[in-house]
Amino acid sequence: MSEGKVKVGILISGRGSNMESIVRKAKADEIPAEVVVVISNKPEAPGIRKAEAFGIPVVVIDHKKFSSREDFERALVSELKSRGVELVCLAGFMRILSPTFIREFPGRIMNIHPSLLPAFPGLNVHNRVLESGAKFSGCTVHFVTEDVDAGPIIIQAVVPVLDDDTEETLAARVLVEEHKIYPEAIRLFAEGRLEVRGKRVIWKK
Ligand code: GRF
């Protein structure tokens, strides 16, 4: 294993392209991280097969099989802890996590969001960006706190919004940047360089 590498658990619900970009860079030793588990809350998520193809252990924890959110999250926590996960990365994970889960990994949960937060939190982002008339969009990796899409911002990337953009073309342009900044955020974390001061995240030298 893993000397000096941070143990990462990735939570997905769908396509898993961010998961894939993290796994590729970890496997190529481009970031000091080892992805020890991928967990999907959806049994049919296409990302599951992608993770398996990389030889990453995949676990399905289907939220529909639990009678309460607490039980679902308890199962998540126990799977992550049993594998020694030090950093939890949400990558297209479509369940809101309760404060109880978040307190199990203080300062150790990241999420990627396809806008320049604090603008456009929530769902249906690219459509709302286009309707707003904004000339730039982008993506954000942030620490997860109890306020959805509002935790301290670690890293962002900016893309232009073009006159002939559709939701799909804008999403694709943003996604290219997502695949760069999520591994970069993990690298900064693994190197112990992220210092949270209130809402700000300082990159230590
Ligand atoms: C990404 O756009 C991410 O920003 C958002 O959900 C999408 C997930 O895509 N949270 P993928 O599953 O990583 O391909």
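Parameters at a glance
- Residues numbered from 1 in each chain as written.
- Predicted model: local features only at pLDDT ≥ 70, side-chain atom pairs only at ≥ 80, totals over all residues.
- Heavy atoms only, no water.
- Salt bridge = Lys/Arg side-chain N within 4 Å of Asp/Glu carboxyl O.
- Helix = DSSP H or I, 4+ residues; strand = E, 2+ residues; numbered from the N terminus.
- Buried < 20%, exposed > 50% of the residue type's maximum accessible area, 1.4 Å probe, protein only.
- Contact = heavy atoms within 4.5 Å.
- Axes fitted to C-alpha atoms, helices over the stretch in contact; angles between N-to-C directions.
- Parallel < 35°, antiparallel > 145°, perpendicular 65-115°, else oblique.
- Left-handed = near helix turned anticlockwise from the far one by under 90°.
- Nonpolar A, V, L, I, M, F, W, Y, C, P; charged D, E, K, R; others polar.
- Arc of directions from axis to C-beta.
- Patch = residues over 30% accessible without salt bridge, like charges linked within 9 Å, V, L, I, M, F, W, Y side chains within 5 Å.
- Areas by Shrake-Rupley, 256 points an atom, 1.4 Å probe, with all protein chains shown as cover.
- Lys, Arg positive; Asp, Glu negative; His and termini not counted.
- Charge placed at Lys NZ, Arg CZ, Asp CG, Glu CD.
- Phe/Tyr/Trp six-rings, centres within 6.5 Å; stacked < 30°, edge-to-face > 60°.
- Lys NZ or Arg CZ within 6 Å of the ring centre and 35° of its normal.

### Some thoughts on the pattern of salt bridges
Item 1. For the structure shown, the criterion picks out 12 salt bridges.
Item 2. Salt-bridge contacts for Lys 5 lead to Asp 29; the nearest nitrogen and oxygen are separated by 3.0 Å. With Lys 5 in the segment before β1 (6-12) and Asp 29 in the loop between α1 (17-27) and β2 (33-40), this pair connects stretches of sequence that are 24 residues apart.
Item 3. Given the relative accessible area of 27%, Lys 5 is considered partly exposed.
Item 4. The exposed category is assigned to Asp 29, whose relative accessible area is 54%.
Item 5. Note that Lys 180 is salt-bridged to Glu 177, the shortest N-O span being 3.2 Å.

### Structural notes on the environment of Val 58
Item 1. With respect to the element layout, Val 58 can be found in strand β3 (residues 58-60).
Item 2. For the pair Val 58 and Val 174, spaced 116 residues apart in sequence, the C-alpha separation works out to 27 Å.
Item 3. What Val 58 contacts, discounting residues up to four positions off in sequence, is Val 38, Ile 48, Ala 51 and Glu 52.

### Section: the packing of α1 against helix α2 (residues 46-53)
Item 1. For the pair α1 and α2, the least separation of the axes is 9 Å and the interaxial angle reads 10°. Relative to α2, the element α1 is oriented roughly parallel. As for how α1 packs across α2, the hand of that crossing is right-handed. Contacts between α1 and α2 involve Ser 17, Met 19 and Glu 20 on the former and, on the latter, Gly 47, Lys 50 and Ala 51.
Item 2. Across the contact of α1 with α2, the residue classes break down as two nonpolar, two polar and two charged.

### Overview of helix α5 (residues 125-132)
Because each turn of an α-helix spans 3.6 residues, side chains separated by three or four positions end up pointing in the same direction.
Item 1. The complete set of buried residues in α5 reads Val 125, His 126 and Val 129. One face of α5 carries all of its buried residues, which in axial projection span an arc of 95°.
Item 2. The inward-facing, buried residues of α5 contact β5 (109-113), β6 (136-143) and α6 (167-190).

### Examining a positive patch on the surface
Item 1. Taken together, the side chains of Lys 42, Lys 64, Arg 69 and Arg 95 define a basic patch exposed on the protein surface.
Item 2. On the secondary structure map, Lys 42 appears in the loop between β2 and α2.

### Remarks on the packing of aromatic side chains
Item 1. All chains considered together, the criterion is met by two aromatic pairs.
Item 2. A ring pair is formed by Phe 101 and Phe 105, whose centres lie 5.6 Å apart and whose planes are at 40°; its orientation type is tilted.
Item 3. Judged by relative accessible area, which is 1%, Phe 101 ranks as buried.
Item 4. Owing to a relative accessible area of 3%, Phe 105 belongs among the buried residues under this scheme.
Item 5. Cation over ring: Lys 81 sits above Phe 105, and NZ or CZ is 4.9 Å from the ring centre.

Bear in mind that shape data such as this cannot, by itself, settle questions of function.
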